[in-house]
Amino acid sequence: MSAGQRLREPRVEASGLHAPPKSRNAAVEIFLWSRTAIWAAALLAFYTFEPNRHPQAARWDDPTVTHDLGAFTDVWARWDSVFFLRIAEHGYEHLAQSATAFLPLYPALVGLLGRVLFGHYVFAGIIVSLATGLAAFMLLYRLAEGRLGAEGARRAVLYLALFPTALFLQAVYSESLYLLLSVAAFLLAERRRFLAAGVVCGLALLTRPVAVALLPALALLAWRSPERRRDLLRLAVAPLLFAAYPLLLWIQRGDPLEFLHAQGFWSRELSPAGPLGGIWEGLRAGWAGVRQLASGSHTHTYWPSVAGTDPLRVAVINLECLAALVLFAVLTVVAWRRFGAPYGLFSALSLAIPLSMPSDRWPLLSLPRFGLVIFPLFLALASIGRNARAHTAIVAVSALFLGVAVSQWALWQWVA
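I will try to describe carefully the structure that is included in this document. All of these numbers come straight from a predicted model, not from anything done at the bench.

Thresholds applied
Residues numbered from 1 in each chain as written. Predicted model: local features only at pLDDT ≥ 70, side-chain atom pairs only at ≥ 80, totals over all residues. Heavy atoms only, no water. Helix = DSSP H or I, 4+ residues; strand = E, 2+ residues; numbered from the N terminus. Rg over C-alpha atoms; globule rule 2.2 N^0.38 Å. Buried < 20%, exposed > 50% of the residue type's maximum accessible area, 1.4 Å probe, protein only. Contact = heavy atoms within 4.5 Å. Phe/Tyr/Trp six-rings, centres within 6.5 Å; stacked < 30°, edge-to-face > 60°. Lys NZ or Arg CZ within 6 Å of the ring centre and 35° of its normal. Axes fitted to C-alpha atoms, helices over the stretch in contact; angles between N-to-C directions. Parallel < 35°, antiparallel > 145°, perpendicular 65-115°, else oblique. Left-handed = near helix turned anticlockwise from the far one by under 90°. Nonpolar A, V, L, I, M, F, W, Y, C, P; charged D, E, K, R; others polar. 1 Å grid on protein atoms, 1.4 Å probe; cavity = no way out; pocket = protein on both sides within 12 Å on 5 of 7 lines; lining within 4 Å. Points joined across faces, edges and corners; volume = space filled by probe spheres on them. Core = buried A, V, L, I, M, F, W, Y, C linked by side-chain atoms within 4.5 Å.

## Some details on the overall build of the chain
Now for step 1: A count of helical and extended segments in the chain gives 20 helices and zero strands.
Now for step 2: For 416 residues, the compact-globule estimate of 2.2 N^0.38 gives 22 Å, and the chain sits close to it at 22 Å.
Now for step 3: Along the first, second and third principal axes, the C-alpha atoms of the chain reach 85 × 50 × 50 Å.
Now for step 4: Put simply, the chain has 416 residues, and 51% of those count as buried.
Now for step 5: Long-range pairs, those at least 24 residues apart, make up 73% of the contacts in the chain with a sequence separation of at least 6.

If you want it as structure tokens, here you go:
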């Protein structure tokens, strides 16, 4: 080796030869420490505030499916987890019609792993959520790095990890799986692997109904490809895969379209005005919430409340959901302008679908949780976070509300 080569070698190493491994590990590190912190916070809240557990928790809980290995695991089986676990153990055949609103891929994976783990279905659900969540973080980092650089990608996964509803990424819920599939579908489509993207989109359709929002965005990417017709046809595999669910319902329940009517059990109805109906009702509920909080009254109500729920709590929930809608709308515009129409279209449609079916009592019900899996919103947030003050504000506010949400979740208080 010449002297010139010896002099050049350190400069090559210092210029970033070892940067890629560090870059790949950033998503993993953020995922691991954030999940550990959230888990510890949930257990701390449970053991510290357990006497303040929701007095009606037994009404929603089903100990036959949610009690597994003690509080360490059981704290992650709340609310909709009951339905996922029942489906994982027993399928749809003997369950109420409302259960058909929960699509089969996530409970199928939980059921398969739960049988491998000798009937520990809660533990299996946590493993599935954590494994798919970790993969989603890694893919999101890779996607963001090409658009925002390593620091921008790190901000994107950090903001996702600290988002107020990020606790669902380790709960027995389908959020992690859907997030993974949606990011993977975009990555595959951008690499012009449209058949694989169609398959992944089909799996997403078997995970959450809102995955319909993926199809127009992927079709737009296919439309821009040199082999437009062929690539559009390849995406058609997605609805073909989804047909497995109506077939399953036909076999187990005798009605292949039963899932279309299940939303009525969750107080959701299609608005004649589409998403504008949800926006209008959300604004009305938000204004009623302002009036309720200003009055300070626990008896007089400005918005129809659920029996046994303090009107002030109703006001806070409706205002939280309205604030989430405003934030998501702004980030959708940023995503569209900064990253292109496919990203903006996916974000807009992902919001439009639940907005088109507002709940009669909670117009924007669960919207903060729905926003958790709209990954372009976190790319947009990472773009805004380039400013140091904006970054500090995003982290501080997110961490604050995440801590509140984790405490509520642990005590069976409604979150999202």
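Alright, that's what it looks like, and here's the rest.
## Quick word on the packing of aromatic side chains
Now for step 1: Per the stated rule, a full pass over the model turns up 27 aromatic pairs.
Now for step 2: Centre to centre, the rings of Tyr245 and Phe259 are 5.4 Å apart; their planes meet at 50°, and the pair counts as tilted. Remark: Phe259 occurs in the loop between α14 (244–253) and α15 (275–295) and Tyr245 occurs in helix α14; sequence separation between them is 14 residues. For the pair formed by Tyr245 and Phe259, the shared burial category is buried.
Now for step 3: Ring geometry for Phe346 and Phe375: centres 5.7 Å apart, planes at 35°, overall tilted. Taken as a pair, Phe346 in helix α17 (residues 341–355) and Phe375 in the loop between α18 (367–372) and α19 (376–384) lie far apart in primary sequence, 29 residues in all. Neither Phe346 nor Phe375 differs from the other in exposure class; each is buried.
Now for step 4: In this structure an aromatic cluster arises from ring pairing among Trp39, Phe72, Trp76, Phe83, Phe84, Phe102, Tyr106, Phe168, Tyr173 and Trp409.
Now for step 5: In this structure, Arg86 is placed above the aromatic ring of Phe83, and the distance from its NZ or CZ to the ring centre is 5.8 Å.
Now for step 6: The ring of Phe168 has Arg369 lying over it, and the distance from NZ or CZ to the ring centre is 5.5 Å.

## Considering the packing of helix α16 (residues 311–339) against α17
Axes are the key here: two packed helices are described by the angle between their axes and the distance separating the axes.
Now for step 1: Relative to each other, α16 and α17 sit at 155°, their axes nearing to 6 Å. Considering their axes alone, α16 and α17 lie roughly antiparallel with respect to each other. Note on packing geometry: the crossing formed by α16 with α17 is left-handed. Between α16 and α17, the residues in contact are Leu325, Phe328, Ala329, Thr332, Ala335, Trp336 and Phe339 and Ala341, Tyr343, Gly344, Leu345, Ser347, Ala348, Leu351 and Leu355, respectively.
Now for step 2: Among the residues making up the contact of α16 with α17, the classes are represented as twelve nonpolar, three polar and no charged.

## Re the layout of surface pockets
Now for step 1: For the second largest pocket, the calculated volume is near 670 Å³.
Now for step 2: In this structure, the second largest pocket is lined by 26 residues; those nearest its centre are Pro164, Glu320, Ala324, Pro368 and Phe401.
Now for step 3: Of all elements in the fold, only α16, α19 and α20 (388–410) reach the threshold of two or more residues within the lining of the second largest pocket.
Now for step 4: Broken down by element, the lining of the second largest pocket gets its largest block of residues, nine residues, from α16.
Now for step 5: For the lining of the second largest pocket, the residue count by class is 21 nonpolar, three polar and two charged.

## Overview of the nonpolar core
Nonpolar side chains in soluble globular proteins tend to be buried together.
Now for step 1: Formed by 136 residues in total, the largest nonpolar core has its most connected members in Trp76, Phe186 and Phe375.
Now for step 2: Looking at this core element by element, the count peaks at 21 residues for helix α8 (residues 121–162).
Now for step 3: Sequence-distant contacts of Phe375, that is, excluding residues within four places in its chain, are made with Leu140, Leu143, Leu179, Ser182, Val183, Phe186, Tyr343 and Phe346.

## Description of unusual backbone geometry
Now for step 1: Of note, Trp79 is a non-glycine position whose phi angle comes to about 50°, a positive value.
Now for step 2: On the secondary structure map, Trp79 appears in the loop between α5 (71–74) and α6 (81–90).

## A word on empty space enclosed by the protein
Now for step 1: Applying the stated criterion across every chain, the model contains three cavities of 30 Å³ or more.
Now for step 2: Of the volumes computed, that of the largest cavity is approximately 50 Å³.
Now for step 3: Surrounding the largest cavity, Ala285, Ala288, Gly289, Gln292, Tyr302, Trp303, Pro311, Val314, Ala315 and Asn318 form its lining.
Now for step 4: Among the secondary structure elements, those contributing two or more residues to the lining of the largest cavity are α15 and α16.
Now for step 5: Class assignment for the residues of the lining of the largest cavity results in seven nonpolar, three polar and no charged.

## Side note on the packing of helix α11 (residues 214–223) against helix α12 (residues 228–235)
Now for step 1: For the pair α11 and α12, the least separation of the axes is 8 Å and the interaxial angle reads 160°. Regarding the angle of α11 to α12, the classification is roughly antiparallel. The chirality of how α11 crosses α12 is right-handed. Residues Leu215, Leu218, Ala219, Ala222 and Trp223 of α11 pack against Arg228, Asp231, Leu232 and Leu235 of α12.

## Points about the side chain of Asp231
Now for step 1: By the element assignment, Asp231 lies in helix α12.
Now for step 2: The exposure class assigned to Asp231 is buried, which follows from its relative accessible area of 2%.
Now for step 3: Apart from residues no more than four positions distant in its own chain, Asp231 is found in contact with Phe194, Ala222 and Ser225.

## Some details on the environment of Ala184
Now for step 1: The residue Ala184 is located in helix α9 (residues 175–190) in this model.
Now for step 2: In sequence terms Ala184 and Ala77 are 107 residues apart; their C-alpha atoms lie 27 Å from each other.
Now for step 3: Leaving out residues up to four positions away in the same chain, Ala184 has contacts with Leu139 and Val200.

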